[in-house]
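Tertiary structure, described
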Amino acid sequence: MAKLTVKKVEALIKAGGEKTQRHADGEGLYLVVPASGTASWMLRFTFNKKRREMTLGKVKDLSLANARLEAATKMKHVREGFDPLLQRKRAEQENIKTVSDLFNDWYPTLVKRLKHPNIPKRVYTKDIAPHIGDIPLNKLTARDIRTTITSINHSGRPSIANDALGYCKQLFNHGIKLDLLQGNPASAFTVRDAGGVEQSKDRALSESELQQFFRIARENSTSFSRDNYLACALLVCLGVRKSELCEAKWDEFELDQGLWHLPKTRSKTNVGFSIPLAPAVLKWLEELKIRGFGSDYILPSRRTNKKPHMGADTLNRAITKLFGHEAGKKKQPPNLMNDIPHFTVHDLRRTCRTLLAKQGTSGHVAERCLNHKLKGVEGIYDQYDYLAERREALDKLSDRLEKIINQ
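The structure contained in this document is the topic of the report that follows. (Residues numbered from 1 in each chain as written. Predicted model: local features only at pLDDT ≥ 70, side-chain atom pairs only at ≥ 80, totals over all residues. Heavy atoms only, no water.)

Focus on the environment of lysine 329
- By secondary structure assignment, the location of lysine 329 is in the loop between α12 (314-322) and α13 (345-358).
- By relative accessible area, lysine 329 is classed as partly exposed at 47%.
- Placed 174 residues apart in sequence, lysine 329 and serine 155 show a C-alpha to C-alpha distance of 10.0 Å. (Helix = DSSP H or I, 4+ residues; strand = E, 2+ residues; numbered from the N terminus. Buried < 20%, exposed > 50% of the residue type's maximum accessible area, 1.4 Å probe, protein only.)

And the structure:
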């Protein structure tokens, strides 16, 4: 078998082919020329009676002579009883020095097993990394964990403090698996050390509270934008989830039919769902379309270098600011909501459900308005979607709330 030459390598790469081609050089070294993409060097070897392959590098970065040297070195390791693939993996793990390095190694495992891996990534990036991200793993202590969760809790976000603690425990367990840590510095902490035991949430706003909230929001339009205002109006009148609204695209809507077709890829139930749109809701959507200046999203991001749609924290941060707290600011804004207990965006969804019950909407219809699956045997056999009944219920609710929202 004739060995490759520099000129032959160049010719083979230039010739290419419809399928990936492998050209042997000898001693397990191959030139790999893909149908599309960049040519590379590959080593084929046998370890523990199993055929193994590993990429040595791209041809543009590794010359033929250096590729042969690299291949010879690794084949020598094989003869000495070492697996080059395992050695490479260990070398990669040796590059995990800091907490952020460990998170970057852990995150791909979340992508594989979680439907929304962006949630722990957001908590890590915004609330954990600023405190401990740059600390070397061998210098990390339990005191650093306490500083992190205490700081989050003091910012008025106890549930996020609890989430951060949970993610820290999982992250450092990953470090133990990789033999990078001898113990988990977060393991001794409980939710009582973070945000406290969370009570079941039952907050729903009364109509008088809604009236006061929307009035205050209108009067403070410089800090509570019109987009935020209309988003809250849609949430309380449709009962949809925050992410379903913030990530909605205009191609999901049939405004002339008064319908929003939520795709199954964005539905928590993994089933597509058609939402009837009341006349008042259609007017607010038409306004958002004008304000969007041709964006694909009904609530486009107003910040550059961010996601193209409204962020997950935008509405809660805007609401919290009305209550006199703005994260990251030393000088806090005034509390404009003195007479109203604090609420979150999700409480608007619960408010919608409560008001539907108050106006006499049947329980099974109200549950379907919120895209909840019917429970038990009824959920198995009742496949009717109650679209007409939901339209009637949501029209009635929007008519009632329009006077409050449009004042």
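Things to note about the sheet that holds strand β5 (residues 253-254)
- The sheet built from three strands is open, its strands ordered β5-β6-β7 with antiparallel pairing. The open sheet has two free edges, formed respectively by β5 and β7 (273-276), since each of these has just one partner strand.
- Where strand β6 (residues 259-262) meets β7, four bridges bridge the pair, whose relative direction is antiparallel. Paired with leucine 262 across the bridge in β7 is phenylalanine 273.
- Across the face of the sheet, helix α16 (residues 387-405) comes into contact with β6 and β7 while running at roughly 35° to β7. (Pairing = 2+ DSSP bridges. Contact = heavy atoms within 4.5 Å. Axes fitted to C-alpha atoms, helices over the stretch in contact; angles between N-to-C directions.)

A few points about unusual backbone geometry
- One non-glycine residue, lysine 49, lies in positive phi territory at about 65°.
- Here lysine 49 lies in the loop between β3 (40-47) and β4 (50-58).
- Although it is not a glycine, asparagine 371 sits at a positive phi angle of roughly 60°.
- With respect to the element layout, asparagine 371 can be found in the loop between α14 (363-369) and α15 (376-381).

Focus: the pattern of salt bridges
- The final tally for this structure, using the stated rule, is 24 salt bridges.
- Ionic pairing is found between lysine 283 and glutamate 402, a salt bridge with its closest N-O pair at 2.8 Å. One end of the pair, lysine 283, is in helix α11 (residues 279-291); the other, glutamate 402, is in helix α16, with 119 residues separating them in the sequence.
- Among the salt bridges present, the one from glutamate 367 reaches arginine 353, with a minimum N-O distance of 2.8 Å. One end of the pair, glutamate 367, is in helix α14; the other, arginine 353, is in helix α13, with 14 residues separating them in the sequence.
- Given the relative accessible area of 21%, arginine 353 is considered partly exposed.
- When salt bridges that share partners are traced, they join Arg22, Arg44 and Glu53 into one network. (Salt bridge = Lys/Arg side-chain N within 4 Å of Asp/Glu carboxyl O.)

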